[in-house]
Number of protein chains: 2
Amino acid sequence: MAKTITKLTGFPEWLPEERMVELELLKQMSAIFELYGFTSIETRAVEPLDRLLQKGESDKEMYLLRRLQAEDEASDSKLGLHFDLTVPFARYVLEHKDKLQFPFKRYQIQKVWRGERPQDGRFREFYQADIDVIGEGELPLFFDAEMPRILYQVLSKLPIPAITLHINNRKIMEGYYRGLGIENPLEVFRLVDKLDKIGEAKVQKLLQEALSMNETTAKKCLDLGRIRTSDLSFVDQVKMLGVKNEILSQGLEDLASVMNDLKDLPKGSIVADLHIARGLDYYTGTVYEGMMKGFENLGAVCSGGRYDNLASEDEKNKLPGVGVSIGLSRILSKLFASNYFEVSRRSPTCVLVALPAVEQLSEAIQLAETLRSRGIAAEVFPEALKYGKQIRYAEKKGIPFVWFLEKNPQGLQAVKDIRSGTQVDADLSKWVPPTEDLKPQIKIKK
Amino acid sequence: MAKTITKLTGFPEWLPEERMVELELLKQMSAIFELYGFTSIETRAVEPLDRLLQKGESDKEMYLLRRLQAEDEASDSKLGLHFDLTVPFARYVLEHKDKLQFPFKRYQIQKVWRGERPQDGRFREFYQADIDVIGEGELPLFFDAEMPRILYQVLSKLPIPAITLHINNRKIMEGYYRGLGIENPLEVFRLVDKLDKIGEAKVQKLLQEALSMNETTAKKCLDLGRIRTSDLSFVDQVKMLGVKNEILSQGLEDLASVMNDLKDLPKGSIVADLHIARGLDYYTGTVYEGMMKGFENLGAVCSGGRYDNLASEDEKNKLPGVGVSIGLSRILSKLFASNYFEVSRRSPTCVLVALPAVEQLSEAIQLAETLRSRGIAAEVFPEALKYGKQIRYAEKKGIPFVWFLEKNPQGLQAVKDIRSGTQVDADLSKWVPPTEDLKPQIKIKK
């Protein structure tokens, strides 16, 4: 007999109708990724600890494995569950390099794990849907612009609220801070990145107190972080701040090129936003972050960037990459909680074949097989109970049609639409349900 | 810079073309499961240790989690990665019982983890594809017969070698052994189940030595284990062995009912095989095991059974279930290793749009978008390199068509099939590739 149930916070699980929404979104995403030439891969769930640890800021969030009855503690104790899909992908590319063609474009949709304290929108296990391109030697800036284009295509086609994509280039921040005489720009990234969460006054205070910055310099940092434009005017706005630095110029040029490549996308869907840094240490250029309209307090629902060194073995064998990740579980958990979707039924089944008597079981099974061979999902009621009970089962599951085996004088059987109560004579060789009843339909609630 | 690569045995990873095969099989499986009315669910990767341990024989195979910097060691240290999908499913049903409709039919395709010593066909991480039905109170024997029917439908439609399904009922073994005066039939199950691996002589020796059985009784055990029929004749063969027991009679009746329900399936695809026990303690009736033709030494590639108590809270709230699991990774690893499949190309991309000059990038991108909007996967070559280099990229990736932007006097552009070298004039508003070139095709090598 089973033990009592322990609820685990931070490990979300969906009910069947929620899973239908998730599956449909996964299908639509994958189809679009493939239209852009991205091929699917999956990596193992575990990576050696030293590989996971090369990425900053995340050592506290990791799950390590040990075998319940470990004989070789040494080997197992150095494995951890991956906390994102970028680090494993970079390792995959290195490991299988000779068998891949570059630039290698892949999509990868898997669960990741983080040992974080669970809170609103933050889970210990969740789905990420990633696309990345890794080049051999160099990777054209073309791909830095292709990432937000695909994100826009995917996210605007899914039945979810609109997403605004914010783009920056770390070289702009790095060069600007260096131009101000700051020696460790990474520390400033982390604080300025918090602007949305804690506001300008607190960031300024932190810059002055935690980083011992003078007030003028701290305010100069905020001046850059305030710039947000949906066209190329950010370039002039930065130049007006009067900071000169070569890395800054390069960053402005790169971001201008990316924004220019995207100018055909609807106004406001893409924003150059010079305070976005992203937390991870491995980004070296373009960085992305997407917010869902009406759910901005959820934080970023997609993010990514360019990483020139993550997969590289050494200076001679560079494998620079760029990619984005969609936080599917985060998006869905919020939309499920706010009752955003409506699913037309709970079961894939379109037709329940009612069973009048045990002796007719073979007949019922064959009838169901005929429907299935035509792509109509069907199940046979497993016992010869009263029709009322069989119909109630269909009602509970939301199965729209019940098929009765009895034949009328013309040799036709009856199919009942149990939602309306309408019963029609049906010829098994021809009957098809209305298209909208063939599979469960997902709609957005008004 | 990245560390050197550590290869991890037991954690298989597929190359893109292998993953294409896996994805296609997953899609086909899911579609068939849904035609039979099974709905998709996923469960979290972890379960509390006490729940994982209720299933026998597996405590040595488990991975436990700990957080790298655990503050609350107590809570985390009791979590383990699931080693199958049945135990988590039973827990899911118990946890969400009030929101499910019974009999609840679900399919679940996820990775599972076992801390085993990796060997041929045995992995530490692998895909299982499961279907199960759990009833409330009782579950008709109808479903015990539906499982092998669906397995047959799924496995015979996938592009893999034929599978023979062996079916038994543990009540037959239990009743028969009890009828012989054996008090702990479970111990005999485990030994008789090894018949295929170690042969009759060794099993007999083990029965006599490990279980202190006399020779006559040991031989009687083997007599039952030898019975394999593809029709109902196993019933008479068992009766001729002269053992009388009520549980045995019930088992024979149940298995006869299941075999009778399946009599329309092709001869030889389903076999009543009275030595099959399956290793897991929770099975209480029907058990299944499937072997792949030509790969019998791989062991079972699918298996399952009826479990009347796994999800039940107590005698009053019974949630009996029956299900089967397809070991997809095991099947694929063997077929990949023997070069069984041929994939027509390595990339989803059908058309590469060549880039003649940087200034034409927008034009190239818009052309690709037009193709994509018609369901044709396209990518734009990211740099204005010589056409020879761009065509070589398409060749390496196996992209069949290259589109050139230059227009002829009639305003048509040229599309080259780089496999044949044929170049034709194409009208963007109408052009479609041959159907077989739209997506990568998977074939079985001759």
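This text goes with the structure placed above it.
Residues numbered from 1 in each chain as written. Chains lettered and ligands numbered in written order. Predicted model: local features only at pLDDT ≥ 70, side-chain atom pairs only at ≥ 80, totals over all residues. Heavy atoms only, no water.

How should helix α11 (residues 246–261) of chain A be read in this particular structure?
In an α-helix, one turn spans 3.6 residues; hence positions three or four apart end up facing the same way. All names here are of chain A. For α11, built from 16 residues, the straight-helix expectation of 22 Å at 1.5 Å per residue is met to within 8% by its first-to-last C-alpha distance of 23 Å. Of the residues making up α11, those classed as buried are Leu-248, Gly-251, Leu-252, Asp-254, Leu-255, Ala-256, Val-258, Met-259 and Asp-261. Its side-chain oxygen placed 2.7 Å from the backbone nitrogen of Ile-247, Asn-245 serves as the N-cap of α11. (Helix = DSSP H or I, 4+ residues; strand = E, 2+ residues; numbered from the N terminus. Expected span 1.5 Å × (residues − 1). Buried < 20%, exposed > 50% of the residue type's maximum accessible area, 1.4 Å probe, protein only. Polar contact = N/O pair within 3.5 Å; in protein donor to acceptor, adjacent residues only side chain to side chain.)

Sorry, what's going on with the pairing of strand β7 (residues 163–169) of chain A here?
Regular strands place their side chains on alternate faces of the sheet. All names here are of chain A. In terms of burial, β7 is a largely internal element, seven of the seven residues being buried. Residue alternation in β7 divides its side chains into two sets, Ile-163, Leu-165, Ile-167 and Asn-169 and Thr-164, His-166 and Asn-168, and both sets are buried. With seven bridges joining them, β7 and strand β10 (residues 286–292) adopt antiparallel strand pairing. Bridging from a neighbouring strand, Ile-163 pairs with Met-292 of β10. Note that β7 and strand β9 (residues 270–273) share three bridges and pair parallel. (Pairing = 2+ DSSP bridges.)

Is there a simple way to think about the pairing of strand β11 (residues 302–307) of chain B in this case?
All names here are of chain B. Burial runs high along β11: six of the six residues are buried. Of the two faces of β11, both are covered, the one formed by Cys-302, Gly-304 and Arg-306 as well as the one formed by Ser-303, Gly-305 and Tyr-307. When strand β10 (residues 286–292) meets β11, the two strands line up antiparallel, connected through four bridges. Note on β11: the bridge partner recorded for Val-287 is Gly-305. With six bridges connecting them, β11 and strand β12 (residues 321–326) associate as antiparallel partners. Bridge assignment links Tyr-307 to a residue of β12, and that residue is Gly-321.

Explain the sheet that holds strand β8 (residues 228–229) of chain B to me, please; I cannot follow it from the model alone.
Two modes of strand pairing occur in sheets, parallel and antiparallel, and in both the strands are linked by backbone hydrogen bonds. All names here are of chain B. Sheet architecture is open: nine strands sit in the order β1-β5-β6-β12-β11-β10-β7-β9-β8, paired in mixed fashion. The sheet terminates laterally at β1 (39–40) and β8, the two strands that pair on one side only. Here strand β6 (residues 125–134) pairs with β12 via six bridges, running antiparallel. Directly across from Ile-134, in β12, lies its bridge partner Gly-321. Helix α5 (residues 142–157) rests against β5 (104–113), β6, β7 (163–169), β9 (270–273), β10, β11 and β12 of the sheet, and its axis sits at about 20° to β12. (Contact = heavy atoms within 4.5 Å. Axes fitted to C-alpha atoms, helices over the stretch in contact; angles between N-to-C directions.)

Explain the side chain of A:Ser347 here, please?
Among the secondary structure elements, A:Ser347 is positioned in the loop between β13 (341–343) and β14 (351–353). When its relative accessible area of 4% is taken as the criterion, A:Ser347 is described as buried. A distance of 3.0 Å separates the side chain of A:Ser347 from the backbone nitrogen of A:Thr349, its partner in a polar contact. The residues contacting A:Ser347, other than those within four sequence positions of it, are A:Met20, A:Glu379, A:Lys397, A:Ile399, A:Pro440 and B:Gly37.

I'm lost on the pattern of salt bridges in this one. Help?
Oppositely charged side chains are able to pair whenever their charged atoms sit close together. Taken as a whole and assessed by the stated rule, the structure comprises 58 salt bridges over all chains. We note a salt bridge from B:Arg228 to B:Asp196, for which the minimum N-O separation is 3.6 Å. Residue B:Arg228 is located in strand β8, and its partner B:Asp196 is located in helix α8 (residues 195–210); the two are separated by 32 residues in the primary sequence. A salt bridge links B:Glu289 to B:Arg278, with the nearest nitrogen and oxygen atoms 2.7 Å apart. Of this pair, B:Glu289 sits in strand β10 while B:Arg278 is found in the loop between β9 and β10, placing the two residues 11 residues apart along the sequence. Given the relative accessible area of 8%, B:Glu289 is considered buried. Where salt bridges share partners, they join A:Lys7, A:Glu13, B:Arg44, B:Glu47, B:Arg91 and B:Glu95 into one cluster. (Salt bridge = Lys/Arg side-chain N within 4 Å of Asp/Glu carboxyl O.)

Mind showing me how you'd approach the relation of the copies chain A and chain B here?
Two copies of one chain are present, and they are related through a rotation about an axis combined with an axial shift. It takes a turn of 180° to lay chain A on chain B, together with a shift of 0.0 Å along the axis; the resulting RMSD is 0.1 Å. The symmetry that links the two subunits is that of a two-fold axis. Relative to the rotation axis, the C-alpha of A:Leu65 is the closest in chain A, positioned 2.4 Å from it. A high fraction, 100%, of the interface residues of chain A reappear at the interface in chain B, so the copies pair face to face through one surface. (Least-squares fit on C-alpha atoms with pLDDT ≥ 70 in both.)

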